[in-house]
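Each chain is listed here by its residues.
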There are 2 protein chains.
Amino acid sequence: MPFVDTLERVLEVVNALNEIANKERKRPVVFTTMINAEFRRQLQSANAIVLDFFEPFIGTLEGALGVSSAQRIGGSHGLVNQPDYQRRIDALNFTLNTDDGLHTRQYAGADVVLMGVSRSGKTPTCLYLALQYGVQASNYPLTEEDLVQPSLPTPLQPHQPKLYGLTIDPYRLHQIRSGRRPNSHYASIENCQDETRRAETLFRRNQIPYVNTSTVSIEEIAARILQKAGLKRYSL
Amino acid sequence: MPFVDTLERVLEVVNALNEIANKERKRPVVFTTMINAEFRRQLQSANAIVLDFFEPFIGTLEGALGVSSAQRIGGSHGLVNQPDYQRRIDALNFTLNTDDGLHTRQYAGADVVLMGVSRSGKTPTCLYLALQYGVQASNYPLTEEDLVQPSLPTPLQPHQPKLYGLTIDPYRLHQIRSGRRPNSHYASIENCQDETRRAETLFRRNQIPYVNTSTVSIEEIAARILQKAGLKRYSL
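This is a predicted model, so every value here is computed, not measured.

A. Focus on the overall build of chain A. The helix and strand inventory of chain A stands at 9 helices and 6 strands. In terms of overall size, chain A is more extended than a compact globule, its C-alpha atoms giving a radius of gyration of 24 Å where 236 residues would be expected to give roughly 18 Å. Viewed in the frame of its principal axes, chain A has a C-alpha envelope of about 70 × 45 × 25 Å. A buried classification covers 46% of the 236 residues belonging to chain A. For chain A, long-range pairs separated by at least 24 residues make up 66% of all intrachain contacts whose partners lie at least 6 apart in sequence. Surface exposure of chain A reaches about 12,200 Å², of which carbon and sulfur atoms provide 49%. Taking the average location of the 26 positive side-chain charges in chain A and that of its 24 negative ones, the two points are 3 Å from each other.

Okay, here's the thing in structure tokens:
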């Protein structure tokens with residue numbers, strides 16, 4: 001329930017909780033991050049188990065830091081004018097601009113360059129890195145031509161330290177590609193097996209760390225890449 | 001410090017914290033979400049103020065729900081096989097496929113359609129909605145032609161209930177557009193003022209809720225749209 005930022009809204013929430021408790025004959029479990037003391041007191045009066053994410057920490061932090069909490073409501077909402085916010089938007093534009101092998105000359109400005117075969121999950125991962133952490137993340141699709149060369153594709157060669165590989169389970173890839181181009185060579189299981197095998201060989205041969213997007217979530221891949229690249233996170 | 005998931009890593013962290021405390025002559029403030037009891041005990045032994053995000057709640061929740069916590073490490077990392085994860089990836093593909101006025105015939109499958117002048121922030125907002133909440137978010141750029149018509153652009157007319165407008169401060173728009181096409185009519189302050197004024201008139205005339213991206217963050221816009229549209233959040 002977002003935007004519970006007036007006493008009126010708090011009382012509406014309290015009524016809604018009481019109704020649920022009555023109807024279900026179970027006390028609802030509520031997690032809250034409200035900081036106004038009066039709002040919190042009202043919420044605690046509901047027939048609910050209220051777990052306050054801030055209350056256990058505010059006193060300790062005030063003591064440790066020697067300052068009082070500002071108790072500003074909606075603080076996480078007005079971030080537009082902070083430098084980290086602009087950085088995330090700029091990173092997103094960079095990422096869109098260098099998606100899917102576009103503008104490889106701009107790789108000098110990239111924090112990371114993801115490489116992998118078509119539909120291996122490069123774009124979602126890059127967009128997540130940009131939007132969530134302000135990382136300038138480019139991605140390069142490995143073509144059939146790239147996959148038969150022993151060396152890295154030319155546009156990637158100067159950027160070895162920022163390369164990360166993505167691979168994918170060939171059956172999953174076959175499924176995804178079949179949705180786009182059914183019964184094509186592109187989507188055939190044989191071709192999907194061949195491409196992923198060659199891509200993984202390319203990664204190993206060139207000491208490029210890589211991860212399988214069929215088993216590891218975008219969030220986890222992003223966390224691993226940030227960790228390995230030693231990147232600062234420009235996040236909320 | 002992500003991936004603190006072995007006793008060895010915990011002890012490394014404890015040493016690092018103790019070093020900081022020594023050097024800075026101040027106890028570091030640590031927030032943690034570790035759930036292994038032994039790891040937490042070790043961390044508490046550091047010369048630091050350790051705020052545990054789970055500890056104050058686990059006991060209460062176990063009591064309320066009548067179950068013991070599973071204490072599984074890295075639970076937030078292995079989400080690939082959950083339906084909500086796939087929904088977010090599918091939403092992202094839909095969003096990319098209907099970005100910037102592409103494939104308007106697919107709007108029937110959209111949860112929301114954002115409209116606004118070029119560079120008013122439509123793409124970042126849609127990508128955030130898709131990646132973060134699994135919302136199928138399309139966006140439609142208002143062209144000069146659209147802006148001189150009193151009625152909604154034809155592709156949008158059947159979808160009035162899912163339309164949301166984005167506007168932007170004309171000086172900010174001038175700045176952004178000047179970065180792309182300096183000294184163009186497109187980027188001129190007069191044109192930016194004219195386009196945003198006409199867009200806002202169009203929104204009001206057609207009862208389309210709208211928001212200014214110069215003052216409201218993507219996170220906030222997304223929260224407001226979800227709230228207004230009554231959409232379920234498919235998030236982590």
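B. The arrangement of the sheet that holds strand β6 (residues 210-212) of chain B in detail. Residue and element names in this part refer to chain B. Overall, parallel pairing links the 4 strands, which are arranged β4-β3-β5-β6 in an open sheet. This sheet does not close on itself; its edge strands, each paired only once, are β4 (137-142) and β6. Each adjacent strand pair in this sheet contributes to an overall mean axis angle of 25°, direction not counted. Here strand β3 (residues 112-117) pairs with strand β5 (residues 163-167) via 3 bridges, running parallel. Bridge pairing in β5 places V113 opposite L163.

C. The relation of the copies chain B and chain A, seen in detail. When chain B is fitted onto chain A, the two copies agree to an RMSD of 0.0 Å after a turn of 180° and an axial shift of 0.0 Å. What the rotation and shift describe, once combined, is the action of a two-fold rotation axis.

D. Representation of the interface of chain B and chain A within the structure. Chain B puts 47 residues into the contact, and the matching count from chain A is 47 residues. Across the interface of chain B and chain A, roughly 3,600 Å² is buried in total on both sides, 69% from carbon and sulfur atoms. Applying the counting criterion to the chain B and chain A interface returns 2 salt bridges. Among the ionic pairs, A:E219 bridges to B:R88, the shortest N-O distance being 2.4 Å. At the boundary of chain B and chain A, one finds 6 residue pairs in polar contact (both at pLDDT 80 or more). For the side of chain B that touches chain A, the elements supplying multiple residues, two or more each, are β1 (29-32), β2 (49-52), α3 (55-65), α4 (83-97), α5 (122-133) and α9 (218-229) of chain B. By residue number, the principal contributor to the side of chain B that touches chain A is α4(B), which donates 7 residues.

E. Spatial organisation of the packing of aromatic side chains. Applying the stated criterion to the full structure yields 8 aromatic pairs over all chains. Pairing A:F53 with B:F57 gives two aromatic rings, centres 5.2 Å apart and planes at 70°, and the pair type is edge-to-face. Taken together, the positions of A:F53 in the loop between β2 (49-52) and α3 (55-65) and B:F57 in helix α3 put the pair across two chains. Under the relative-accessibility criterion, A:F53 is labelled partly exposed at 33%. With a centroid separation of 5.2 Å and an interplanar angle of 40°, the aromatic rings of B:F203 and B:Y210 are classed as tilted. Residue B:Y210 is classed as partly exposed on the basis of its relative accessible area of 31%. Three or more aromatic residues link up through ring pairs in this structure, and these residues are A:F31, A:F53 and B:F57. Sitting above the plane of the A:Y186 ring, A:R181 keeps its charged end 4.1 Å from the centroid.

F. Geometry of the pairing of strand β3 (residues 112-117) of chain A. Residue and element names in this part refer to chain A. Buried residues dominate β3, accounting for 6 of its 6 residues. In terms of strand pairing, β3 meets strand β4 (residues 137-142) through 6 bridges, oriented parallel. Counterpart to L114 in the pairing with β4 is N139. Crossover handedness for the path β3 to helix α5 (residues 122-133) to β4: right-handed.

G. Region of the structure containing a nonpolar patch on the surface. Residue and element names in this part refer to chain A. Residues F31, F53 and F54 make up a contiguous nonpolar surface patch of about 260 Å² in total accessible area. The residue F31 is located in strand β1 (residues 29-32) in this model. Judged by relative accessible area, F31 falls into the partly exposed class, the value being 44%.

H. Spotlight on the nonpolar core. One finds A:V112, A:L129, B:V112 and B:L129 to be the most contacted residues of the largest nonpolar core, which totals 48 residues. Apart from the residues lying within four places of it in its own chain, the contact partners of B:V112 are B:L129, B:V135, B:Q136, B:A137, B:S138, B:K162, B:Y164, B:I225, B:A229 and B:L231.

I. Highlighting the pattern of salt bridges. Scanning the model with the defined rule gives 16 salt bridges over all chains in all. Here B:R9 and B:E12 are joined by a salt bridge, their closest N and O atoms 3.0 Å apart. Taken together, the residues span about one helical turn, with B:R9 and B:E12 both in helix α1 (residues 7-24) at a distance of 3 residues. Here B:R9 falls in the partly exposed class, since its relative accessible area comes to 25%. Through salt bridges with shared partners, one network takes in A:D194, A:R197 and A:R198.

The rules behind the values
Residues numbered from 1 in each chain as written. Chains lettered and ligands numbered in written order. Predicted model: local features only at pLDDT ≥ 70, side-chain atom pairs only at ≥ 80, totals over all residues. Heavy atoms only, no water. Helix = DSSP H or I, 4+ residues; strand = E, 2+ residues; numbered from the N terminus. Rg over C-alpha atoms; globule rule 2.2 N^0.38 Å. Buried < 20%, exposed > 50% of the residue type's maximum accessible area, 1.4 Å probe, protein only. Contact = heavy atoms within 4.5 Å. Areas by Shrake-Rupley, 256 points an atom, 1.4 Å probe, with all protein chains shown as cover. Lys, Arg positive; Asp, Glu negative; His and termini not counted. Charge placed at Lys NZ, Arg CZ, Asp CG, Glu CD. Pairing = 2+ DSSP bridges. Axes fitted to C-alpha atoms, helices over the stretch in contact; angles between N-to-C directions. Least-squares fit on C-alpha atoms with pLDDT ≥ 70 in both. Buried area = accessible area lost by both parts, 1.4 Å probe. Salt bridge = Lys/Arg side-chain N within 4 Å of Asp/Glu carboxyl O. Polar contact = N/O pair within 3.5 Å; in protein donor to acceptor, adjacent residues only side chain to side chain. Phe/Tyr/Trp six-rings, centres within 6.5 Å; stacked < 30°, edge-to-face > 60°. Lys NZ or Arg CZ within 6 Å of the ring centre and 35° of its normal. Right-handed = clockwise from strand over helix to strand, strands pointing away. Patch = residues over 30% accessible without salt bridge, like charges linked within 9 Å, V, L, I, M, F, W, Y side chains within 5 Å. Core = buried A, V, L, I, M, F, W, Y, C linked by side-chain atoms within 4.5 Å.

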